[in-house]
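Each chain, written out:
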Amino acid sequence: MSLSKRRKVDKECRIFNEKWTTSYLFTDMHGKPSCLVCLQQVSVMKEYNILRHYETHHSEKYDGLQGQLRRDKINELLAGLRKQQSTFIQSREVSEAAVKASYLIASEIALASKPYSDGDFVKRCMMKAAELVCPEKRQAFANISLTRNTIAERISELSADLDSQLKQRVKSFIAFSVAIDESTDITDVAQLAIFIRGVDETLTVTEEFLELVPMMDTTTAEDIFGSVVAALDKVGVDWSRAVSLATDGAPSMVGKKAGVATKFKDKVQALNGGDRFWTFHCILHQEALCCKSLKMDHVMEVVVRTVNFIRSRGLNHRQFDKLLSDRNITHSLPYHTEVRWLSRGAVLRHFFDLREEIGQFMEKKGKPVLELQSQEWLRDLAFLVDITEHLNNLNKMLQGRKKVVTQFSDNIHAFKLKLTLWEMQLANGTPAHFSCLRDVCVTRPDADIKRYKDKIAGLLREFEKRFQVFGELETEFSVFRSPFTVKASDLPVEIQLEIIDLQCDADLKSKFASVGLDKFYQYLLPGVAMESGEIRVAQLPLISTITSGSLSSVFKSRWGTTKGEQHLQTREQRLSILFFCLQAPTSSRSWRKLEPSNPEATRPTKPEV
């Protein structure tokens, strides 16, 4: 005996009849018939059930209302229902807006590396402003939670959300590169910073801070390599798609037999069948090492000793500032910090501009700087000021995120051409691009400045030596930076035909001029512009390569700030704010592409660890 199927009302497709509103004072609310008088809902949308409810509870009171009176009463009841619903919706919207504002303010506190307790201060400021500007909105501002614990949870949640999105993004990489930098913090703990840059199928570039690993014991190549492998495995990278590694140049990093770069390369090539793998030394570090070839310590020793005498003693500093103030000079002498490469140029420039005031002050203190009386030493100082400013300008051009490796190569190549020009001009006794040296030589036209030619020549040799890798990759770089001018016969066979097709495509040529180098290759997707996309595949290593130390510089600045703040009690809190700051933009305060997937989330719960 078969059992009959039970009837299910929700599958009978019953619909609300508009006449029930007039006859029985009912309306349709989210698919359920609801009474306008008592707001009670009837479970089944059936006229019999609605009629029974009306006759049982409301017929005696409302049967007497007919015609226009009944319509007016129905409109009054409907208006009351809509007002009640809008109150609930508005309350929910206000609550969601308050939570979203809490997240946004927490992100600003993190970006500015401010203490978590500053949230209470911001809250008090908002309340004072609300009382004057919009008193009727005061309660809305009061609903924004900005307590210390709330700010800590918000930042942790934003950081965890960005972290999870990065892990998902990494899985889509078809080529990626890694940069690592090991540095010791103020607590003598070695911190290993790991950065990753990759591209997906659409050639969208992702360049992010991956992880900060504390090295509590030794920092051998084996230790560093193990930490890097663990960090990359944690996010699930495909090792066979790695194309390059950039390091800070320490012996444990670049050792030919057992260095981190060698171990990394061997692991990658064992998985990708021996494809080409590049290793780079941090460009900014290389540029700073080139500066040491000038060997002008006899100038820097005098400058640093004099500046320290003035700045390290409070009385001397006050008296020197008073001397400058009396002469309407607004700038003073900064300290020189060896590890801050740009500070060298600032100290030298200020010392040169204030050399007369410094000489008078030091004589008054009984510590005369005899070198200031020497014209030859002053020329050396002026030359060092000029060349250091040129080097600092190069350093600034090499900084920045989302850059392609060929841009760094072009900057280095341009500077080497400048060095060649300066060498020729100084050999002829013409310091055209050395303003300080030119000013000093005005009083001594017969001064010998040709000897600085050797300094420039030595600097040029150092640049040639340290950036030799760019010369080795010039063929790949030339195809990448100017695909419309290279000769097809000079290129690998597999891309020769596509290069010819590309060079004859007027639309792509105009696109190349308008969108820029880093975006152009997105228009060469297979089936869109090129038949097979071999050109695009050939350029993947260059698009995904990370070589600059600018990310490491940002990391050190952020980490130094957070380590010094007493409001960050645990390493986990410091890492949360550091990760969020490095993921967030530094030039504009808005969400990046890796943005929180749910910034309006209303659950202020603690994230899972």
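In the block above lies the structure referred to throughout.
Rules behind the numbers
Residues numbered from 1 in each chain as written. Predicted model: local features only at pLDDT ≥ 70, side-chain atom pairs only at ≥ 80, totals over all residues. Heavy atoms only, no water. Helix = DSSP H or I, 4+ residues; strand = E, 2+ residues; numbered from the N terminus. Buried < 20%, exposed > 50% of the residue type's maximum accessible area, 1.4 Å probe, protein only. Contact = heavy atoms within 4.5 Å. Areas by Shrake-Rupley, 256 points an atom, 1.4 Å probe, with all protein chains shown as cover. Pairing = 2+ DSSP bridges. Core = buried A, V, L, I, M, F, W, Y, C linked by side-chain atoms within 4.5 Å. Expected span 1.5 Å × (residues − 1). Axes fitted to C-alpha atoms, helices over the stretch in contact; angles between N-to-C directions. Parallel < 35°, antiparallel > 145°, perpendicular 65-115°, else oblique. Left-handed = near helix turned anticlockwise from the far one by under 90°. Salt bridge = Lys/Arg side-chain N within 4 Å of Asp/Glu carboxyl O. Phe/Tyr/Trp six-rings, centres within 6.5 Å; stacked < 30°, edge-to-face > 60°. Lys NZ or Arg CZ within 6 Å of the ring centre and 35° of its normal.

J.: Which residues make up the overall build of the chain, and what values go with them?
T.: Helix and strand counts for the chain come out as 28 helices and seven strands. Each of the 609 residues in the chain was classed as buried or not, and the buried ones make up 43%. Looking at the chain alone, contacts between residues at least 24 apart form 67% of all its contacts between residues at least 6 apart. Taken as a whole, the chain presents about 32,300 Å² of accessible surface, with 51% of it coming from carbon and sulfur.

J.: Give me the lowdown on the pairing of strand S1 (residues 26-29), citing residues and values where you can.
T.: Pairing of S1 with strand S2 (residues 32-35), which is carried by four bridges, proceeds in the antiparallel orientation. Along S2, the bridge assignment pairs Thr 27 with Ser 34. Between the end of S1 and the start of S2, which pair antiparallel, lie two residues, with His 30 showing a positive phi angle near 55 degrees.

J.: Which residues make up the nonpolar core, and what values go with them?
T.: Among the nonpolar cores identified, the biggest contains 84 residues, and Leu 381, Ile 387 and Phe 463 are the most heavily contacted of them. The element that contributes the greatest number of residues to this core is helix H16 (residues 375-398), accounting for eleven residues. Those residues within four positions of Ile 387 in sequence are excluded, and the remaining contacts are Leu 294, Trp 422, Phe 434, Ile 456 and Leu 459.

J.: Could you give an account of helix H14 (residues 343-353), with specific residues and numbers?
T.: Three or more residues of H14 are buried, namely Ser 343, Gly 345, Val 347, Leu 348, Phe 351 and Phe 352. Residues of H14 that are buried sit in contact with helix H12 (297-311), helix H15 (355-364), H16 and helix H18 (435-440).

J.: I'd love a proper account of helix H17 (residues 405-427), names of residues and values included.
T.: With 23 residues, H17 extends 34 Å between its outermost C-alpha atoms, agreeing within 8% with the 33 Å of an ideal straight helix rising 1.5 Å per residue. Val 405, Thr 406, Phe 408, Ser 409, Asn 411, Ile 412, Phe 415, Lys 416, Leu 419, Trp 422, Gln 425 and Leu 426 are the residues of H17 that are buried. Of the residues flanking the end of H17, it is Gly 429, one or two places downstream, whose phi is positive at about 75 degrees.

J.: Quick rundown of the packing of H16 against H17? Include the residues and the values.
T.: Two elements in contact, H16 and H17, have axes whose closest approach is 10 Å; the angle formed by their N-to-C orientations is 165 degrees. Comparing their axes, H17 and H16 come out roughly antiparallel. In this structure, H16 crosses over H17, and the sense of that crossing is right-handed. Of H17, the residues touching H16 (which contributes Phe 383, Ile 387, His 390, Leu 391, Leu 394, Met 397 and Leu 398) are Phe 408, Asn 411, Ile 412, Phe 415, Trp 422 and Leu 426.

J.: Would you mind going over the pattern of salt bridges in detail, with residue names and values included?
T.: According to the stated counting rule, one finds 14 salt bridges in the structure shown. For Arg 197, the salt bridge identified is with Glu 207, shortest N-O distance 2.7 Å. Here Arg 197 is found in strand S4 (residues 190-199), whereas its partner Glu 207 is found in strand S5 (residues 205-215), with ten residues between them in sequence. Residues Arg 197 and Glu 207 agree in their burial class; the two are buried. With a shortest N-O distance of 3.0 Å, Asp 326 and Lys 322 are connected by a salt bridge. On the criterion of helical spacing, the pair formed by Asp 326 and Lys 322 is a turn pair, its members being four residues apart in helix H13 (residues 314-326). Looking at Asp 326, the relative accessible area reads 52%, which means it is exposed. Each of the salt bridges in this network shares a partner with another, and the network as a whole consists of Arg 349, Asp 353 and Glu 389.

J.: Describe in detail the packing of aromatic side chains, supporting the description with residues and values.
T.: Evaluated as defined, the whole model comprises 14 aromatic pairs. Geometrically, the ring pair formed by Phe 280 and Phe 470 is tilted, given 6.5 Å between the ring centres and 45 degrees between the ring planes. With Phe 280 in strand S7 (residues 278-281) and Phe 470 in helix H20 (residues 468-472), the pair connects residues that are 190 residues apart, well separated along the chain. Here Phe 280 falls in the buried class, since its relative accessible area comes to 6%. An aromatic cluster of three or more residues is present, and its members are Trp 278, Phe 280, Phe 383, Phe 415, Trp 422, Phe 434, Tyr 452, Phe 463, Phe 467 and Phe 470. When the ring centre of Trp 239 is taken as origin, the NZ or CZ atom of Lys 267, which lies over that ring, is 4.9 Å away. A cation sits over an aromatic face here: Arg 355 above Phe 352, 4.1 Å from the ring centre.

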